[in-house]
Amino acid sequence: MANTSTRTLRLLSLLQTHRYWPGAELAGRLGVSPRTLRRDIERLRELGYPVDAQRGVDGGYQLAAGAVLPPLVIDDEEAVALVVGLQTAARSAVEGISESSVRVLAKVVQVMPSRLRSRVEALSAVTVPVDWGGPEAAPVDPGVLTVLAPACRASERLRFSYTTADSRSSERHVEPYRLVCPGRRWYLIAYDLDRHDWRNFRVDRISGPAATGERFRPRELPAADAADFLRGKLDNLPRPYRVEAVIDAPVAVVRERIGPWSTVEAIDAERCRVRMTADSLEWPLMALGAAGADFRVVEPPELFDLVRERAERFGRAGRESSPVGEVHGDVGDGE
């Protein structure tokens, strides 16, 4: 649903220029077929957006001149998906994507119903952008984010249930500060009123959040910002695996491709040593593969075994796979 909604919003953004769009060009900009474009146009009309269509070989679409656009009709989950997606794109290294994402977000927010607009603006305002990624994803309930974000923005105390890594559940009473999203995992940075200290909470482990109506004066965070606080906490977590590998690539290239979740040191101009810690070996294996160069595992032995197992698996796939269109076996006449 979110993909369809995001595409419809992009279509609306293009039509809001009030220029005439030939059907083929508009479909090409959206990366869809003419049939899908027609369905998306009909969806906009059902939502109340007046779209004029010109039929024929040179047919196309345009918003009706002087039309007053109705509020954008999307639900809370779609609104959160939209903001998260556009904020992620705004930090993209792809040329032109950052500025376009900011413009689209600004346009979309203006046509949202006031209730959703305030929630979306709160989520955007209290989420701290980071340029480092996390090792794994953790699904988050959008409804939880729509409670946490306004509370952070309004400096309003929260209560919620929290499940720790060892499956222990507890009730928390906190002063929420900011949301941080490294990679695809969300964290709430907050002052825990029962433990009298700053804490970071994984949002996917939060349930039943509720604002108490109690306002507070924000305390001074013991770090430069919320992202810096979170990274310090994550770096100090105990990790069962310590990984070391040598990669046949310059240190600058490896740092760019693997990211800051590892220590990269130059051996010489063409080789570097990588060290990292991890809860599982899947993430280091993926990171080493992302370097795009030959590498050798130094430790641990379990990672060497995993690399060998995956190499054998990919080797079998390479031998047993066939080019597209190749048919195995004899082609008979049905006898």
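Preceding block: the structure.
Residues numbered from 1 in each chain as written. Predicted model: local features only at pLDDT ≥ 70, side-chain atom pairs only at ≥ 80, totals over all residues. Heavy atoms only, no water.

**Student:** Please explain the overall build of the protein chain as it appears in this structure.
**Tutor:** A tally of helices and strands in the protein chain yields 11 helices and 13 strands. Looking at the 335 residues of the protein chain, the share that counts as buried comes to 39%. Counting contacts in the protein chain only where the partners sit at least 6 residues apart, residues at least 24 apart contribute 60% of the total. (Helix = DSSP H or I, 4+ residues; strand = E, 2+ residues; numbered from the N terminus. Buried < 20%, exposed > 50% of the residue type's maximum accessible area, 1.4 Å probe, protein only. Contact = heavy atoms within 4.5 Å.)

**Student:** Help me understand helix H6 (residues 114–126), please; the structure alone is not making it clear to me.
**Tutor:** Three- or four-residue spacings in an α-helix give side chains the same orientation, since the helix completes a turn every 3.6 residues. The terminal C-alpha atoms of H6 lie 18 Å apart, and with 13 residues this matches the ideal 18 Å at 1.5 Å per residue to within 8%. Buried residues of H6: Leu116, Val120, Ala122, Leu123 and Val126, and no others. Seen along its axis, H6 keeps its buried residues to an arc of 155 degrees; they face one direction. (Expected span 1.5 Å × (residues − 1). Arc of directions from axis to C-beta.)

**Student:** I tried to follow the sheet that holds strand E1 (residues 21–22) on my own but got confused; where do I start?
**Tutor:** One key point about sheets: their strands pair by backbone hydrogen bonds, in either a parallel or an antiparallel sense. Overall, antiparallel pairing links the three strands, which are arranged E1-E3-E2 in an open sheet. Across the chains shown, the open sheet's two edge strands, defined by having one partner strand only, are E1 and strand E2 (51–54). Sitting on the sheet, helix H3 (residues 34–46) touches E2 and strand E3 (60–63), and the angle it makes with E2 is about 145 degrees. (Pairing = 2+ DSSP bridges. Axes fitted to C-alpha atoms, helices over the stretch in contact; angles between N-to-C directions.)

**Student:** Whenever I open this one, the side chain of Glu244 confuses me. Can you help?
**Tutor:** Within the element layout of this structure, Glu244 appears in strand E10 (residues 241–247). In this structure Glu244 comes out as buried when scored by relative accessible area, which is 11%. Among residues more than four places away in sequence, those in contact with Glu244 are Arg273, Val274, Arg275, Val297, Val298 and Glu299.

**Student:** Mind showing me how you'd approach the pattern of salt bridges here?
**Tutor:** Pairing is possible between side chains that carry opposite charge, provided their charged atoms lie close to one another. Tallying each qualifying case throughout the model produces 17 salt bridges. Two residues, Glu175 and Arg219, come together in a salt bridge whose shortest N-O distance is 2.8 Å. Here Arg219 lies in the loop between strand E9 (206–215) and helix H8 (226–235) and Glu175 lies in strand E6 (residues 169–180), a separation of 44 residues in the sequence. Classification of Arg219 by relative accessible area gives partly exposed; the value is 36%. (Salt bridge = Lys/Arg side-chain N within 4 Å of Asp/Glu carboxyl O.)

**Student:** Please clarify how a positive patch on the surface should be interpreted in this entry.
**Tutor:** On the surface, a cluster of positive charge is contributed by Arg35, Arg38, Arg39 and Arg55. If you trace the backbone, Arg35 turns up in helix H3. Using a relative accessible area of 58% as the deciding quantity, one classes Arg35 as exposed. (Patch = residues over 30% accessible without salt bridge, like charges linked within 9 Å, V, L, I, M, F, W, Y side chains within 5 Å. Areas by Shrake-Rupley, 256 points an atom, 1.4 Å probe, with all protein chains shown as cover. Lys, Arg positive; Asp, Glu negative; His and termini not counted. Charge placed at Lys NZ, Arg CZ, Asp CG, Glu CD.)

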